[in-house]
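# Secondary and tertiary structure notes
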Amino acid sequence: MMQPIPIAKTGQNFAVVDLGKFSDLHQYIFEAEEHSIKLEGKVFLKQLLNLTSAEISLNTLQPLKSIPFYHKHRLNEEIYIFIHGRGEFQVDDRVFPVCEGTVVRVDSEGERCLRNTSDGEQLNWIVIQSRAGSYRDRTIEDGYGVQKRVSWVGKQRV
């Protein structure tokens, strides 16, 4: 039975949700009826957290299973961050291994698919999707320090 996706707790400048362990992600099912897609173990975070600059998804694939289709994007590149298991990733006609610690960037036009090659472990990964060419800064140029001493005392718990 599919578990409903938890509701995010929000405040003036944040949203937080607990989806549980990656090993239990299979309880969530993503469905896009207009495209006849039904995927076990996929949760998109854009609507859930009211993201405004990217789409992020949490994903799991059971042993010896494959994503059942290729896909591309019109405007967005994708970054795949593998956090558990092992598998193979395909971009256009190139195939390469992926495992915990592998990070893959795919241009919008890249035809992509992946599969879990393990016979006993789930393959877990995070996908960050954002507009190609939209980030022009260097690593930390947008951030700035706040002149305030860090304290964990007397704060409201959510």
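No experiment lies behind these values; they were computed from the predicted model shown.

### Focus on the sheet that holds strand β9 (residues 94-99)
Note on sheets: strands pair through backbone hydrogen bonds, and any given pair is parallel or antiparallel. Pairing within the open sheet is antiparallel, and its three strands lie in the order β9-β8-β11. Looking along the sheet, the strands with just one partner apiece sit at the ends: β9 and β11 (112-116). Taken pair by pair, the neighbouring strands of this sheet meet at an average axis angle of 25 degrees, ignoring direction.

### Quick word on the side chain of R112
The topology assignment puts R112 in strand β11. Separated by 2.7 Å, the side chains of R112 and E78 make a polar contact. A polar contact is formed between the side chain of R112 and the backbone oxygen of S108, at a distance of 3.0 Å. Non-local contacts of R112, meaning those with residues more than four positions away in its chain, are made with F69, Y70, H71, K72, H73, E78, Y80, F89, Q90, V106 and D107.

### Here we look at the packing of aromatic side chains
Applying the stated rule across the entire model yields six aromatic pairs. Taking the centre distance of 4.8 Å and the plane angle of 70 degrees together, the rings of F30 and F44 count as edge-to-face. Separated by 14 residues along the polypeptide, F30 in strand β3 (residues 29-32) and F44 in strand β5 (residues 42-44) bring together distant segments of the chain. F30 sits in the partly exposed class, given a relative accessible area of 25%. Exposure remark for F44: the relative accessible area of 27% places this residue in the partly exposed category. Ring centres 5.6 Å apart and planes at 15 degrees place the aromatic pair F89 and F96 in the stacked group. Take F89: its relative accessible area is 1%, and that puts it in the buried class. Judged by its relative accessible area of 27%, F96 falls in the partly exposed class. In textbook terms, an aromatic cluster arises when at least three aromatic residues are bridged by ring pairs, as seen for Y80, F82, F89, F96 and W125.

### Structural notes on the side chain of N116
Tracing the backbone shows N116 in strand β11. Taking relative accessible area as the criterion, N116 reaches 2% and is therefore assigned buried. A polar side-chain atom of N116 sits 3.2 Å from the main-chain carbonyl oxygen of Q62. A distance of 2.8 Å separates the side chain of N116 from the backbone oxygen of E121, its partner in a polar contact. Residues within four places of N116 in sequence aside, it is in contact with L61, Q62, P63, L64, K65, R86, G87, E121, Q122 and L123.

### Looking at the sheet that holds β5
Read from one edge of the open sheet, five strands run β5-β6-β12-β7-β10, paired in antiparallel fashion. Both edges of this open sheet fall to β5 and β10 (103-106), since each of them pairs with a single strand only. Sheet twist, expressed as the mean angle between neighbouring strand axes with direction ignored, is 15 degrees. As paired strands, strand β7 (residues 76-84) and β10 are joined by four bridges and run antiparallel to one another. Bridge pairing links E78 to V106 in β10.

Scoring rules and cut-offs
- Residues numbered from 1 in each chain as written.
- Predicted model: local features only at pLDDT ≥ 70, side-chain atom pairs only at ≥ 80, totals over all residues.
- Heavy atoms only, no water.
- Pairing = 2+ DSSP bridges.
- Helix = DSSP H or I, 4+ residues; strand = E, 2+ residues; numbered from the N terminus.
- Axes fitted to C-alpha atoms, helices over the stretch in contact; angles between N-to-C directions.
- Polar contact = N/O pair within 3.5 Å; in protein donor to acceptor, adjacent residues only side chain to side chain.
- Contact = heavy atoms within 4.5 Å.
- Phe/Tyr/Trp six-rings, centres within 6.5 Å; stacked < 30°, edge-to-face > 60°.
- Buried < 20%, exposed > 50% of the residue type's maximum accessible area, 1.4 Å probe, protein only.

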